[in-house]
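Here is how the chains run, residue by residue.
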Amino acid sequence: MLTPIGTFSEEQVRLVAHRVRRRSVEKDTILLAAGAICQTVYCSLEGAFYQVSYNDGQEPVIIDLHLPGQWFFNHQSFVTQKPSVYTIQAYSNGVVLELTIQVIHELIAISPVFLQLGSLLNQATDRIRFFDQNLTPAQKYQYVLDYQPQLLHLFPLKMIAAYLKITPETLSRVRERLARGLS
């Protein structure tokens, strides 16, 4: 799970392995509640997770979807150490690794090589850049097909549409056009 983050020796991987916590979670388990300060970075070994904002009786706003093998956390809360406005929740039963901010600081104190863990912070900004590109609904869906096709197997289309910031009807039309070979 450290390979996407940087280059670590076997000893450094062991140092991390002895400090991360492996946790089984049931569907609907809340890993971070809105209003709490994000102190942990998670890595999904199994299961699907999502970040959501519940706005006063309105439809939930899906902020991000997380697949097995991905690291995730609430970037804004983690960096600023202020309460999160989002909830991180398990969509299915799963297993996560938990790496706390205290452990990250401890590892960095052991060796500057662990500063590479900071690249986790960059991953959270990728989604922001993705939506800042003003992609069309078809381009957004094509991105999912190209880079995150597992989303289509783990989450319902309604959640994927919400994640892509398009309506379920628009997603249906895009999928139909792509199936017919049209763009």
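This text goes with the structure placed above it.
I will try to describe carefully the structure that is included in this document. A quick note: this is a predicted structure, and the numbers were derived from the prediction, not measured. (Residues numbered from 1 in each chain as written. Predicted model: local features only at pLDDT ≥ 70, side-chain atom pairs only at ≥ 80, totals over all residues. Heavy atoms only, no water.)

## So, the packing of helix α7 (residues 157-164) against helix α8 (residues 168-179)
Phase 1 of the analysis: Relative to each other, α7 and α8 sit at 100 degrees, their axes nearing to 9 Å. Classed by the angle they form, the pair α7 and α8 counts as roughly perpendicular. Contacts between α7 and α8 involve L157, K158, I160 and A161 on the former and, on the latter, P168, L171 and R175.
Phase 2 of the analysis: Classifying every residue of the contact of α7 with α8 gives five nonpolar, no polar and two charged. (Axes fitted to C-alpha atoms, helices over the stretch in contact; angles between N-to-C directions. Helix = DSSP H or I, 4+ residues; strand = E, 2+ residues; numbered from the N terminus. Parallel < 35°, antiparallel > 145°, perpendicular 65-115°, else oblique. Contact = heavy atoms within 4.5 Å. Nonpolar A, V, L, I, M, F, W, Y, C, P; charged D, E, K, R; others polar.)

## Thoughts on the pattern of salt bridges
Phase 1 of the analysis: Across all of its chains, the model carries five salt bridges by this definition.
Phase 2 of the analysis: Here E98 and R21 are joined by a salt bridge, their closest N and O atoms 2.8 Å apart. Taken as a pair, E98 in strand β8 (residues 94-100) and R21 in strand β1 (residues 21-25) lie far apart in primary sequence, 77 residues in all.
Phase 3 of the analysis: Owing to a relative accessible area of 8%, E98 belongs among the buried residues under this scheme.
Phase 4 of the analysis: The shortest N-O distance in the salt bridge between E98 and R23 comes to 2.7 Å. (Salt bridge = Lys/Arg side-chain N within 4 Å of Asp/Glu carboxyl O. Buried < 20%, exposed > 50% of the residue type's maximum accessible area, 1.4 Å probe, protein only.)

## Thoughts on the nonpolar core
Phase 1 of the analysis: Of all hydrophobic cores here, the largest spans 29 residues; its most connected members are W71, L99 and L117.
Phase 2 of the analysis: Contributions of two or more residues to this core are made by β2 (30-32), β3 (40-46), β6 (71-72), β7 (87-90), β8 and α3 (101-110).
Phase 3 of the analysis: Broken down by element, the residue count for this core peaks at four residues, all from α3.
Phase 4 of the analysis: Contacts of L117, omitting those with residues within four sequence positions, involve L2, I5, F8, L99, I104 and L107. (Core = buried A, V, L, I, M, F, W, Y, C linked by side-chain atoms within 4.5 Å.)

## As for the sheet that holds β7
Phase 1 of the analysis: Read across the sheet, four strands follow the order β2-β7-β4-β5 without closing on themselves; strand pairing throughout is antiparallel. Lying at the two open borders of the sheet, with one neighbouring strand each, are β2 and β5 (61-66). Across the sheet, the mean angle from the axis of one strand to that of its neighbour is 30 degrees, orientation sign disregarded.
Phase 2 of the analysis: In this sheet, β5 lies alongside strand β4 (residues 49-53) in antiparallel orientation, the contact comprising five bridges. Its bridge partner lying in β5, Q51 is registered against D64. (Pairing = 2+ DSSP bridges.)

## Description of unusual backbone geometry
Phase 1 of the analysis: With a phi close to 75 degrees, D28 is a non-glycine residue in the positive phi region.
Phase 2 of the analysis: Mapped onto the fold, D28 is located in the loop between β1 and β2.
Phase 3 of the analysis: Judged by relative accessible area, D28 falls into the partly exposed class, the value being 45%.
Phase 4 of the analysis: Its identity as a non-glycine residue notwithstanding, K165 has a phi of 60 degrees, on the positive side.
Phase 5 of the analysis: Tracing the backbone shows K165 in the loop between α7 and α8.

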